[in-house]
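Chain and residue survey
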Amino acid sequence: MSGKLRLTVACGDYEIVRALKEGAVEADGLDLVMLTDMGPRERHWRMARHAEFDICEANVGAYFMERDHGAALTAIPVFLHRRFRHGFLFVNAKAGIREPKDLIGKKVGGTNFQPASNIWMRGILEEEYGLPHRQVTWVVERSEDVAFTPPKDLRIEMIAPGKKLDVMLAEGEIPAMLSPELPRLFLAGDKRIVRLFPNYKEIELAYFRRTSIFPIMHVTTIKQEIVDKYPWVPTNLVKAFEAAKHIAYRRIANPRMVPIAWVRTALEEQEEVLGPDPWAYGLTPANRKNLEAVLRYTHQQGMIGKTPPLDSLFADTDLGDAGGPDGI
């Protein structure tokens, strides 16, 4: 790899980065060391606390916070993780919670305050369901990735050592929980924990059709010193990530590649609703609307002091009339 700029890339082990990881796609002028074995918690913490990686997939809200604190970072408009969130609000089956407004004045668990998943759902619950986030006590079980002094009227409580939020929910100690992932006891079939929105897929489909938002969870950050010294790097990275993603699209279109019986049916349904490129990169109009929503929520929830223009948060990788990689 002589003559190429060697950079570390910390990201999830996703199908859409497989071609980069395995070398089927190379970023022009770059030797990318793909670090994909970490979970998101470890990756985010190590980057936020120690800036260990040159390029890092990061919680979108945490990135906004770091920039608000003056961190020497920027981002490229590559969004490796998106997920609808309505299916991740859980309640105790006997707590009498029938709609989000029933949680006013109550305690709601959530690993910590900053996960992008929780930022999104708190914002959605407030804007669309009338549940003001400052009329809830947010019960957390771990420290935050980015240093954070909550506003005085924002109630956050740390659970006692040895406690587990899913156990507290099952036993009725808290009535509800926002979780980035499915709670352990729920996965084990514990009937004391149920979704507040059991028809979450229908609700998420309606949400997308109404808003055109497929929530962006993570952005791809890059150290500002790299961009300053090598201004060609961000665009070459975006082109490489784009090429890898399209190889993934072609791969999953082959039903022999994915061990899911109705994978073609699922793919056709997805394309009908979300279009041919659900994981679109770039600051497209749809992605701007998406990012502006989560930026607004991050500010409303007291994690950043201002809402800067989106263009100031991303490196300029717009190719204009030059187009993308050949064949894409």
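A quick note: this is a predicted structure, and the numbers were derived from the prediction, not measured.

This paragraph deals with helix H4 (residues 116-129). Taking 1.5 Å of rise per residue, 14 residues should cover 20 Å, and H4 covers 19 Å from first to last C-alpha, within 8% of that figure. Counted residue by residue, H4 has 10 buried out of 14 residues, so it is predominantly covered. Among the residues of H4, Ala116, Ser117, Asn118, Ile119, Trp120, Met121, Arg122, Gly123, Ile124 and Leu125 are the ones counted as buried. Gly130, located one to two residues past H4, shows a positive phi value of around 70 degrees.

Inspection of the secondary structure puts Ala116 in helix H4. Excluding its chain neighbours within four sequence positions, the residues that come into contact with Ala116 are Asn59, Val60 and Met217.

Moving on: the pairing of strand E3 (residues 55-59). If a strand is regular, its side chains alternate between the two faces of the sheet. Burial of E3 is extensive: five of the five residues sit out of reach of the surface. Across two bridges, the pairing between strand E1 (residues 5-10) and E3 is parallel. By the bridge assignment, Ala10 is partnered in E3 with Cys56. Bridge count for E3 against strand E11 (residues 218-223) is five bridges, and the pairing is antiparallel. Bridging across to E11, Ile55 finds its partner in Ile222.

A separate point is the sheet that holds E11. With mixed pairing, five strands are arranged side by side in an open sheet as E2-E1-E3-E11-E4. The sheet is open, and its two borders are formed by strand E2 (30-35) and strand E4 (73-76), each paired with just one other strand. In this sheet, adjacent strand axes meet at a mean angle of 35 degrees when their direction is disregarded. Running at roughly 110 degrees to E3, helix H2 (residues 40-50) makes contact with E1, E3, E4 and E11 of the sheet.

Spatially, the six strands line up as an open sheet ordered E8-E7-E6-E9-E5-E10, and their pairing is mixed. Only two strands of the sheet have a single partner each, and these edge strands are strand E8 (155-158) and strand E10 (193-195). Ignoring which end each strand starts from, the neighbouring axes of this sheet average 30 degrees apart. Of the strand pairs in this sheet, strand E6 (residues 107-109) and strand E7 (residues 137-140) are connected by three bridges, and their pairing is parallel. Within E7, the residue paired with Gly109 across the bridge is Val139.

Summarising the element assignment, Asn59 is placed in strand E3. From its side chain, Asn59 meets the backbone nitrogen of Gly61 in a polar contact 2.8 Å long. In contact with Asn59, other than residues within four places in its own chain, are His44, Gln114, Pro115, Ala116, Met217 and His218.

Right, let's talk about the state of the cysteines for a bit. The final tally for this structure, using the stated rule, is zero disulfides. With no disulfide of its own, Cys11 lies 8.6 Å from the sulfur of Cys56, the closest cysteine sulfur. The exposure class assigned to Cys11 is buried, which follows from its relative accessible area of 2%. The exposure class assigned to Cys56 is buried, which follows from its relative accessible area of 0%.

A few words now on unusual backbone geometry. Phi is positive for Ala51, close to 50 degrees, though the residue is something other than glycine. Considering the arrangement of structural elements, one finds Ala51 in the loop between H2 and E3. If you check the backbone angles, Ser212 has positive phi at about 65 degrees while not being a glycine. Within the element layout of this structure, Ser212 appears in the loop between helix H7 (200-211) and E11.

Calculation rules
In this convention, every chain numbers its residues from 1, walking through the sequence in written order. For a predicted model such as this one, the threshold for reporting local features is a pLDDT of at least 70, and the threshold for listing and counting side-chain atom pairs is 80 or more; totals across whole chains, interfaces and linings nevertheless cover every residue. Side-chain figures throughout are based on the complete set of non-hydrogen atoms in the structure, without hydrogens or water. Note on conventions: DSSP H or I runs of at least 4 residues are helices, E runs of at least 2 residues are strands, and numbering of each starts at the N terminus. Expected helix span is taken as 1.5 Å per residue step, with the number of steps being one fewer than the number of residues. Only protein chains enter the area calculation, which uses a 1.4 Å probe; residues under 20% of their type maximum are buried, those over 50% are exposed, and those in between are partly exposed. Whether two residues are in contact is decided by their heavy atoms: any pair within 4.5 Å suffices. Pairing between strands is defined by DSSP: at least two bridges between them are needed. Whenever a helix is involved, its axis is fitted only over the stretch in contact; in every case the axis is a line through C-alpha atoms, and angles between N-to-C directions fall within 0 to 180 degrees. Any N or O atom pair separated by 3.5 Å or less is treated as a polar contact, with the protein-specific requirement of one donor-capable and one acceptor-capable atom, and with residues adjacent in sequence counted only for side-chain atom pairs. Throughout, disulfides are identified as pairs of cysteine sulfur atoms within 2.5 Å of each other.

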